[in-house]
Amino acid sequence: MKRLNVRLLAIVGGALLVMGVCVYFVHGWQVSRHAEGLLRRAELAESGGDLPLAVSTLGQYLRYRPEDHAAHSRQVLLMEELTQDQAISRGAFLNVQSAMERAIRGQPENTELRQRAADFYLRFGRPRDAIDHVRFMLAQPEGAGDADLQLLHARCLHGGGE
């Protein structure tokens, strides 16, 4: 009759457990290094003037680090900058809009991002989308007396038919 070698089973089981823990931590370390490399590549692309590559690389980085709100904001500002001088398709507009709103939800107090969102919406004939951001900025203590914001608010009201 065959017997189970308990000692061998314990050694193999322990070795598999140690290997599993090691693989888990090494994988986490590699993902972290890869994400940092993507962020560096995006910064290099941006400083080199290759904005489409910077936007794409930041998107890849954000798949690894979705909680990095500063990177979301940076990506959105670059996307918005790419739309400055060109007509874009409806799909591209919706991509920028979606990324912009996601970034604003992550950093609601970021007035630069809200300002650029309002300008973006007005540029593409969407004053009703812009007015919420303008009203939020006007409600802030530093925005209450800002003449440029009040002018932007008036443009939104005029364009939206209110």
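Novice: Account for the packing of aromatic side chains, with residues named and values stated.
Specialist: Here the distance between the centres and the angle between the planes together describe a pair of aromatic rings. For the coordinates displayed, the defined rule picks out six aromatic pairs. Measuring from ring centre to ring centre gives 5.2 Å for Phe93 and Phe120, while their planes differ by 10°; the resulting arrangement is stacked. On the criterion of sequence distance, the pair formed by Phe93 in helix H4 (residues 90-106) and Phe120 in helix H5 (residues 111-123) is long-range, its members being 27 residues apart. Neither Phe93 nor Phe120 differs from the other in exposure class; each is buried. Just above the ring of Phe136 sits the side chain of Arg114; from NZ or CZ to the centre is 3.8 Å.

Novice: Provide a residue-level description of the side chain of Thr57, including the pertinent values.
Specialist: Within the fold, Thr57 resides in helix H2 (residues 51-64). What makes Thr57 buried here is its relative accessible area of 1%. Setting aside anything within four residues of it in sequence, one finds Thr57 in contact with Leu38, Arg41 and Ala42.

Novice: Give a description of the pattern of salt bridges that names residues and reports values.
Specialist: Applying the stated criterion to the full structure yields five salt bridges. A salt bridge links Glu80 to Arg116; its shortest N-O distance comes to 2.6 Å. In this pair, Glu80 sits in helix H3 (residues 69-82) while Arg116 sits in helix H5, placing the two residues 36 residues apart along the sequence. In this pair, the class of Glu80 matches that of Arg116, namely buried. Of the charged contacts in the structure, one is a salt bridge between Arg123 and Glu80, with a shortest N-O distance of 3.2 Å. You can see Arg123 sitting in helix H5 and its partner Glu80 sitting in helix H3, a full 43 residues away along the chain. Here Glu80 falls in the buried class, since its relative accessible area comes to 1%.

Novice: Quick rundown of the packing of H2 against H3? Include the residues and the values.
Specialist: Between H2 and H3, whose axes approach to 9 Å, the crossing angle comes to 150°. Judged by the inter-axis angle, H2 sits roughly antiparallel to H3. Judged by the sense of rotation from one axis to the other, the crossing of H2 with H3 is left-handed. Facing H2, whose interface residues are Leu51, Pro52, Ala54, Val55, Leu58, Gly59, Tyr61 and Leu62, H3 presents Ala71, His72, Arg74, Gln75, Leu78, Met79, Glu81 and Leu82. Considered class by class, the residues forming the contact of H2 with H3 number 11 nonpolar, three polar and two charged.

Basis of the calculations
- Residues numbered from 1 in each chain as written.
- Predicted model: local features only at pLDDT ≥ 70, side-chain atom pairs only at ≥ 80, totals over all residues.
- Heavy atoms only, no water.
- Phe/Tyr/Trp six-rings, centres within 6.5 Å; stacked < 30°, edge-to-face > 60°.
- Helix = DSSP H or I, 4+ residues; strand = E, 2+ residues; numbered from the N terminus.
- Buried < 20%, exposed > 50% of the residue type's maximum accessible area, 1.4 Å probe, protein only.
- Lys NZ or Arg CZ within 6 Å of the ring centre and 35° of its normal.
- Contact = heavy atoms within 4.5 Å.
- Salt bridge = Lys/Arg side-chain N within 4 Å of Asp/Glu carboxyl O.
- Axes fitted to C-alpha atoms, helices over the stretch in contact; angles between N-to-C directions.
- Parallel < 35°, antiparallel > 145°, perpendicular 65-115°, else oblique.
- Left-handed = near helix turned anticlockwise from the far one by under 90°.
- Nonpolar A, V, L, I, M, F, W, Y, C, P; charged D, E, K, R; others polar.

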